[in-house]
Amino acid sequence: MIMAKFATIKEYIYQKIESGEWPEYHPVSSENVLAEKFSVSRMTARRALQELSEEGLVTRTRGSGTFVAPLKSQSALLTIRNIADEIRLRNHRHHAVVQVLERVPAPAGIATALQMQVGSEVLHSVITHFENGQPVQVEDRYVNPTLVPEYLEQDYTQCTPHEYLCEVTPLTEASHLIEAVLPSKQLMILLQLDAAEPCLQIQRRTSGREGVVSQATLTHPGSRFRLGGHMTFKVAR
């Protein structure tokens, strides 16, 4: 599968930052420069920069430009890229199987996370993501219907929930909780595990300007997933 142009631009900037060539506060190429360099439209370049901003890797200021975010606002290990982009960047095939799309009353824990009343209607999706035909992630997500009313109407075999949410409601904040867990029987079925091997589970809550947008649980088999990053430290003089 050919990598999307905006994903190519994002990977180019990831590499500049992770290699240390672009340190914190370093100016990032403008939309016009990136559009010309990669032979794409400004809209495509803008999408790449917007997603990097939402991931906390760059900051954008009207009239000043785009800059590498200061180290204290970066979270290398906790920066979770769109899984479809990650898989394609490895020149592997991504596809998704939608297991659940439904409206449900919010359980107590989800209501608290979304800052809603217990029992309020929320939108719920369960999607299995595959890499080269092998399941690598189960994404269990609850979404605030007031902020994203058309969430259940999308085709998540063609775009991921992450991509859709970034498009319709720019995300300004994300919090994470990472832990090792043993999978439930249902997760073992969805991840096609023969035995209950340890899994890495990431609880991720994302917010926009108008409130909490979604609460997602991302579960990866330990044998098929690595979480890593690169950080550059300045030596005091």
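Since the structure is predicted, the reported quantities are computational estimates derived from the model, not experimental observations.

What counts and what doesn't
Residues numbered from 1 in each chain as written. Predicted model: local features only at pLDDT ≥ 70, side-chain atom pairs only at ≥ 80, totals over all residues. Heavy atoms only, no water. Phe/Tyr/Trp six-rings, centres within 6.5 Å; stacked < 30°, edge-to-face > 60°. Helix = DSSP H or I, 4+ residues; strand = E, 2+ residues; numbered from the N terminus. Buried < 20%, exposed > 50% of the residue type's maximum accessible area, 1.4 Å probe, protein only. Lys NZ or Arg CZ within 6 Å of the ring centre and 35° of its normal. Contact = heavy atoms within 4.5 Å.

A. How the structure looks around the packing of aromatic side chains. Per the counting criterion, the structure on display carries four aromatic pairs. Relative to Trp-22, the ring of Tyr-12 lies with its centre 6.0 Å away and its plane at 90°, an arrangement referred to as edge-to-face. Residue Tyr-12 is found in helix 1 (residues 5-18), and its partner Trp-22 is found in the loop between helix 1 and helix 2 (31-37); the two are separated by 10 residues along the sequence. Per residue, the accessibility class of Tyr-12 equals that of Trp-22, and both read buried. Ring centres of Tyr-156 and Tyr-164 lie 6.4 Å apart, and the angle between their planes is 70°; on these two criteria the pair is classed as edge-to-face. Taking relative accessible area as the criterion, Tyr-164 reaches 9% and is therefore assigned buried. Ring-pair connections join several aromatic residues into one group, and the members of that group are Tyr-12, Trp-22 and Phe-38. When the ring centre of Phe-6 is taken as origin, the NZ or CZ atom of Arg-47, which lies over that ring, is 3.6 Å away.

B. Molecular detail of the side chain of Lys-16. Residue position: Lys-16 is located in helix 1. Among the residues examined, Lys-16 registers a relative accessible area of 17% and is labelled buried. When residues no more than four places from it in sequence are discounted, the contact partners of Lys-16 are Glu-21 and Trp-22.

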